[in-house]
Amino acid sequence: MASQEIETLATALSRLPGLGPRSARRAVLWLIKRRETALVQLLDALGQVQASLVECQVCGNIDTSDPCGVCTDPRRDQRSLCVVEEVADLWALDRARLFTGKYHVLGGRLSALDGVRPEDLAIDRLLARVEAGGIDEVVLAMNATLEGQTTAHYLAERLEKFPLRITQLAHGLPVGGELDYLDEGTLAQAIRARRPVS
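Along every chain, residues carry numbers that run from 1 in the direction the sequence is written. Reporting of local features is limited, given that this is a predicted model, to residues whose pLDDT is at least 70; pairs of side-chain atoms are given and counted only at 80 or more, and all residues count toward the totals for whole chains, interfaces and linings. Note that the side-chain values use all heavy atoms of the structure and ignore hydrogens as well as water.

Our focus in this paragraph is the sheet that holds strand 4 (residues 101-105). The rule for pairing is simple: two strands pair if DSSP sees at least two bridges between them. A run of DSSP states H or I qualifies as a helix once it reaches four residues; a run of E qualifies as a strand once it reaches two. Both are numbered from the N-terminal end. Reading across from one edge, 4-3-5-6 is the order of the 4 strands in this open sheet, with parallel pairing throughout. In this open sheet, the two edge strands, each paired with only one partner strand, are strand 4 and strand 6 (165-168). Strand-to-strand twist in this sheet, taken as the mean axis angle between neighbours without regard to direction, amounts to 25°. Pairing between strand 5 (residues 137-140) and strand 6: 4 bridges, direction parallel. Opposite Leu140, over in strand 6, you have Gln168 as the bridge partner. Where helix 5 (residues 87-96) meets the sheet, its contacts fall on strand 3 (77-84) and strand 4, and the angle it forms with strand 4 comes to roughly 160°. Helix-sheet contacts for helix 6 (residues 123-131) involve strand 3, strand 4 and strand 5, and the interaxial angle to strand 4 is about 150°. Convention adopted: a line fitted to C-alpha atoms gives each axis, helices being fitted over their contacting stretch, and angles between N-to-C directions are expressed from 0 to 180 degrees. In what follows, a contact means two residues having at least one pair of non-hydrogen atoms within 4.5 Å.

Here is the structure:
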């Protein structure tokens, strides 16, 4: 049996997404075997991140500076704003390098079952950014879930009073997807969003 300290480390690692108790124990053993190199580097990196991590007061991104690197990047299109549910969504879209504007992180999505109301999200900050002017388009990049679409619909209603274009990410068939393996919701969205063949 491992010591209490090692078990505590394994338990802490097992709380990470994608790691269960077995995977966490394997990771701990791997780190222990490489404690002079990998463990020291991991501890140093965790310490640095813990000491310097901040939430951007402009967009809600997590970075080591406030405002974050995305908000201060002069190459970004100041007129386009992409609204996402979580920081992970921002990172995923930015990693793809397909959107060159700014972002706004809501910090979740509306959910009556979970008790998440509009005042629990960064919606007021979003409206203040739009009201300040200079934004021509707001892209609603919500997840294709019932709660995500409810949030997008709510935001579209709140934003319709502003003179800007409101767009939403396309939903439907994934590349490489086969029709008989897709759920009815995905198929319905694909049929509704059909477009002419050019």
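Moving on from the model shown.
The next subject is the side chain of Lys102. Its location among the elements puts Lys102 in strand 4. For the buried Lys102, no salt bridge is present, and the opposite-charge side chain at shortest range is Asp73, 7.6 Å distant. In contact with Lys102, other than residues within four places in its own chain, are Val70, Cys71, Thr72, Asp73, Arg76, Asp77, Gln78, Ser80, Leu81, Cys82 and Arg129. Residue burial is assigned from relative accessible area. The probe radius is 1.4 Å, only protein chains are included, and a residue is buried under 20% of its type maximum, exposed over 50%, and partly exposed in between. The positive count covers Lys and Arg only, the negative count covers Asp and Glu only, and His and the chain ends enter neither. The term salt bridge refers to a side-chain nitrogen of Lys or Arg lying within 4 Å of a carboxyl oxygen of Asp or Glu.

Below, the discussion takes up the pattern of salt bridges. According to the stated counting rule, one finds 9 salt bridges in the structure shown. With its nearest N and O atoms 2.9 Å apart, the salt bridge here joins Glu137 to Arg165. Of this pair, Glu137 sits in strand 5 while Arg165 sits in strand 6; the two residues are 28 residues apart in sequence, bridging distant segments of the chain. The class of Arg165 is exposed, set by a relative accessible area of 51%. Ionic contacts of the salt-bridge type, sharing partners, join the residues Asp77, Arg79 and Asp136 into one network.

A separate point is the nonpolar core. Ranked by internal contacts, the top residues of the largest apolar core, which has 18 residues, are Val83, Val130, Val138, Leu140, Leu155 and Leu159. Among the secondary structure elements, those contributing two or more residues to this core are strand 3, helix 6, strand 5 and helix 7 (146-159). In terms of residue count, the dominant contributor to this core is helix 6 (4 residues). Among buried residues, the Ala, Val, Leu, Ile, Met, Phe, Trp, Tyr and Cys ones that are joined through side-chain atoms within 4.5 Å form a nonpolar core. Ranked by size, the runner-up nonpolar core spans 14 residues in total, among them Cys59, Val87, Val139 and Ala141.

What follows covers the side chain of Thr151. In this fold, Thr151 is placed in helix 7. The buried category is assigned to Thr151, whose relative accessible area is 0%. What qualifies as a polar contact is a pair of N or O atoms within 3.5 Å, subject to a donor-acceptor requirement within protein and to the restriction that residues adjacent in sequence count only when both atoms come from side chains. Here Leu110 takes part through its backbone nitrogen, which lies 2.9 Å from a polar atom of the side chain of Thr151. With residues up to four places along the chain from it excluded, the contact list for Thr151 reads Leu106, Arg109, Leu110 and Met142.

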